[in-house]
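Coordinate analysis (summary)
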Amino acid sequence: MTAPSGGPGRRPTARSLASLLAGRTAFRLALLGTNAALLASWGEGTYEPYAAAMGTAQVLTTLTTLGIEKSALKLVPRARRTGPQLITVLLVSALLLAGAAVLWLGCAALFLPAGDTGMLRLLAGLYAALLGLNTVLVGLCRALDRNRADVLNFAILSLVIATGAGGASLLGWGPVAFTGWILAGTALLNLAHLPALYRATRRPVRRGITRPVVSTSVLMACGDIAAAGTVSLLFAMLGASRHHEQTGHLYLMVLASSVLLNGFGYLMRLFQPHVSLTLRSVDPASLDRRVVRRLLPVAAVGAVWTALALWLARSAEQAALVPSSVAVLLLYVLCVPLFFAVGSLNYLLENATSRTLRATAVSALGGLVCAVLLGLVLVPALGALGAVTALASGEVAHAVLARLLLRSRLRGPATPSAGASTTRTTAIRTTETRTTASGATATRTTVSRATATTTPASIMPTAPAAVPTDLGAS
């Protein structure tokens, strides 16, 4: 199946790609440059608690998106009739998640210590939650083929962050004032997106649509939640260890790498509507040959590569060839190819069938557990080097678990396949009988039914029967 020539499912043009990537890249570079300026302006003593608060709060950005953006980019292009109803469900889900996060932070504020530290943590959490909502809102705009809203959104966010850095340098703003400034700018941008998205919704929502949309969003969120949760927990471990002074350098390194990694992820999301339509009709055997069988080799090479990279960075640090911050940056850069490889395979599995989506979601959570367990050992011993190693090891575990789950599931369901074959035979025999009695018209009708019956159960959507067939939850 190919993408339609126009509309949300079309292949993005070079011009739209350039403008969208320019807006997102400008935002990431502004974020990186601003934090470098803040470190120089505040000094390490003031910047460290800010970096710890922002790094720990990153998981709230992922929790408030909960895969809604990716779910919209996967499902809306497949929906020819129910698109506005999908937008309604996704928009309401995003607002509810953001509201729940704000309510939880408000309750948690009652138990935070008084003073700037407690206020900084609260503002960092609110900013992370509203930034996640902002990501969802612009993602819904892109799903509706309103790319200009995405470009303007991140251009304005870049301006807000840059002016905040100017306030810190010229007006003496501290971490609390700076975080409050970018929080207010993000909140106003979110409000500006709501009227246009509200006009794109449709009510009432047909029964049976909400459940598969929400379940798809949750499953597609597992990979992002696992990644953000891993980073947040490793930041918390590093801050509580004897290497806590490395927290600021690690946060700057994560921001620097996010320009590349998030740019790569954003590029994949730009192609996601087109890829979703293409993978909707992919042959399971072809998917197994081209994607699933590559998981284990990537994991094996990644494990060896990570061990060698850790040895190289650790040796350079111990020999005083480079400072500790440069050693951490070296290790992270060496692990970037592993992040790219696993992320690419995960992207294809998420957008293929319901079975591969479930498998990669479960394996992502398994990777989180592996990274945290290793972090409990490596972070106290190696500091930021141990945190990066644990992060890379989680990606290796993710690939291994996905391969094991998909191998067992692809080999396991022999009975359904046989059942499908039996159904096909029965349908053909019925067709022959009715051809003799009724002629060619009855033959065409029965053959069409046989085609629908012979679709293997393993690749059919798990949505209820009441869901319109254009939803394409798998």
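The structure presented is a predicted model; accordingly, all values stated were derived computationally and were not measured.

Moving on, we come to the overall build of the chain. A count of helices and strands for the chain gives 16 helices and zero strands. By residue count, 49% of the 474 residues in the chain fall in the buried class. Working note: accessible area of the chain is about 21,400 Å², and carbon and sulfur atoms make up 67% of it.

Turning to helix α12 (residues 324–350), a few remarks are in order. Since there are 3.6 residues in each turn of an α-helix, residues three or four apart along the chain are aligned in direction. With 27 residues, α12 should reach 39 Å at 1.5 Å per residue; the first-to-last C-alpha distance of 37 Å fits that figure. Taken as a whole, α12 carries its principal kink of about 35° at C335; the proline P337 stands between one and four residues after it.

Glancing now at the nonpolar core. One finds Y47, Y50, Y127, L140, L250, L331 and Y332 to be the most contacted residues of the largest nonpolar core, which totals 107 residues. Here this core gets 16 residues from one element, more than from any other, and that element is helix α5 (residues 116–143). Every residue in contact with L140, bar those within four places of it in the chain, is listed here: A72, I87, L90, L91 and L197.

Closest axis-to-axis distance for the helix α2 (residues 44–65)/helix α4 (residues 83–109) pair is 8 Å, and the angle between their directions is 145°. When you trace α2 past α4, the crossing you get is right-handed. The segment α2 lies against α4, with L60, L63, T64 and T65 engaging L97, A98, A101 and L105.

On to the side chain of T186, then. Positionally, T186 belongs in helix α7 (residues 175–199). Among all residues touching T186, those that are not within four sequence positions of it are Y127, L130, L131, N134 and L157.

Looking now at the packing of aromatic side chains. Taken as a whole and assessed by the stated rule, the structure comprises eight aromatic pairs. A ring pair is formed by W42 and Y50, whose centres lie 5.4 Å apart and whose planes are at 75°; its orientation type is edge-to-face. Residue classification places Y50 among the buried residues on the basis of a relative accessible area of 1%. Ring centres 6.0 Å apart and planes at 70° place the aromatic pair Y50 and F178 in the edge-to-face group. Of this pair, Y50 sits in helix α2 while F178 sits in helix α7; the two residues are 128 residues apart in sequence, bridging distant segments of the chain. Pair check on accessibility: Y50 and F178 agree, each one buried. Here the aromatic cluster, defined as three or more aromatic residues joined through ring pairs, consists of W42, Y47, Y50 and F178.

What the rule picks out here adds up to six salt bridges. A salt bridge links D150 to R24; its shortest N-O distance comes to 3.7 Å. Note that D150 is positioned in helix α6 (residues 147–170) and R24 in helix α1 (residues 14–42), a separation of 126 residues in sequence. There is no split in this pair, since D150 and R24 are both buried. Via salt bridges that share partners, R24, E69, R142 and D150 belong to a single interconnected network.

So, on to a nonpolar patch on the surface. Together, V369, L373, L376 and V377 give the surface a local cluster of nonpolar side chains, amounting to about 390 Å² of exposed area. Following the sequence through the fold, V369 ends up in helix α13 (residues 354–382). Under the relative-accessibility criterion, V369 is labelled partly exposed at 47%.

Inspection of the secondary structure puts Q85 in helix α4. Setting aside residues no more than four positions away along its own chain, Q85 makes contact with R202, P204, V205, R206 and I209.

In this section: the environment of P380. Counting through the fold element by element, P380 comes out in helix α13. Note: C-alpha distance between P380 and L238 (142 residues apart in sequence) is 7.4 Å. The residues contacting P380, other than those within four sequence positions of it, are S241, R242, H243 and G375.

Across the interface, α1 lies against α6 with an axial gap of 9 Å and an inter-helix angle of 15°. In this view, α1 runs roughly parallel relative to α6, as classed from their interaxial angle. Two packed elements cross with a definite hand, and for α1 against α6 that hand is left-handed. Here the contact of α1 with α6 is composed, by residue class, of 14 nonpolar, eight polar and two charged.

Now for α5. The first and last C-alpha atoms of α5 sit 40 Å apart over 28 residues, in line with the 40 Å expected at 1.5 Å per residue. Of all 28 residues that make up α5, 24 are buried, and the element is covered over most of its length. Just downstream of α5, D145 is the residue with a positive phi angle, here 70°.

So, on to the environment of G367. Relative to the elements of secondary structure, G367 occurs in helix α13. It is 6.1 Å that separates the C-alpha atoms of G367 and E395, two residues lying 28 residues apart in sequence. Beyond its immediate sequence surroundings of up to four residues, G367 is in contact with G394, A397, H398 and L401.

Note: most peptide bonds trans; most residues except glycine with negative phi. Positioned with a positive phi, A320 is a non-glycine residue whose angle comes to about 60°. Relative to the helices and strands, A320 resides in the loop between α11 (295–318) and α12.

All right, on to the confidence of the model for the chain then. Predicted confidence across the chain gives a mean pLDDT of 79, with 82% of residues reaching 70 or more. Residue range residues 1–6 is modelled with pLDDT below 50. Its contacts to residues more than four positions away, or to other chains, number 13 contacts. Across residues 410–474, where pLDDT falls below 50, the model places 64 contacts with residues more than four positions away in sequence or in other chains.

Reading the values: rules and limits
- Residues numbered from 1 in each chain as written.
- Predicted model: local features only at pLDDT ≥ 70, side-chain atom pairs only at ≥ 80, totals over all residues.
- Heavy atoms only, no water.
- Helix = DSSP H or I, 4+ residues; strand = E, 2+ residues; numbered from the N terminus.
- Buried < 20%, exposed > 50% of the residue type's maximum accessible area, 1.4 Å probe, protein only.
- Areas by Shrake-Rupley, 256 points an atom, 1.4 Å probe, with all protein chains shown as cover.
- Expected span 1.5 Å × (residues − 1).
- Bend = angle between axes of the 7 residues up to and from the residue.
- Core = buried A, V, L, I, M, F, W, Y, C linked by side-chain atoms within 4.5 Å.
- Contact = heavy atoms within 4.5 Å.
- Axes fitted to C-alpha atoms, helices over the stretch in contact; angles between N-to-C directions.
- Left-handed = near helix turned anticlockwise from the far one by under 90°.
- Phe/Tyr/Trp six-rings, centres within 6.5 Å; stacked < 30°, edge-to-face > 60°.
- Salt bridge = Lys/Arg side-chain N within 4 Å of Asp/Glu carboxyl O.
- Patch = residues over 30% accessible without salt bridge, like charges linked within 9 Å, V, L, I, M, F, W, Y side chains within 5 Å.
- Parallel < 35°, antiparallel > 145°, perpendicular 65-115°, else oblique.
- Nonpolar A, V, L, I, M, F, W, Y, C, P; charged D, E, K, R; others polar.
- pLDDT = per-residue confidence, 0-100.

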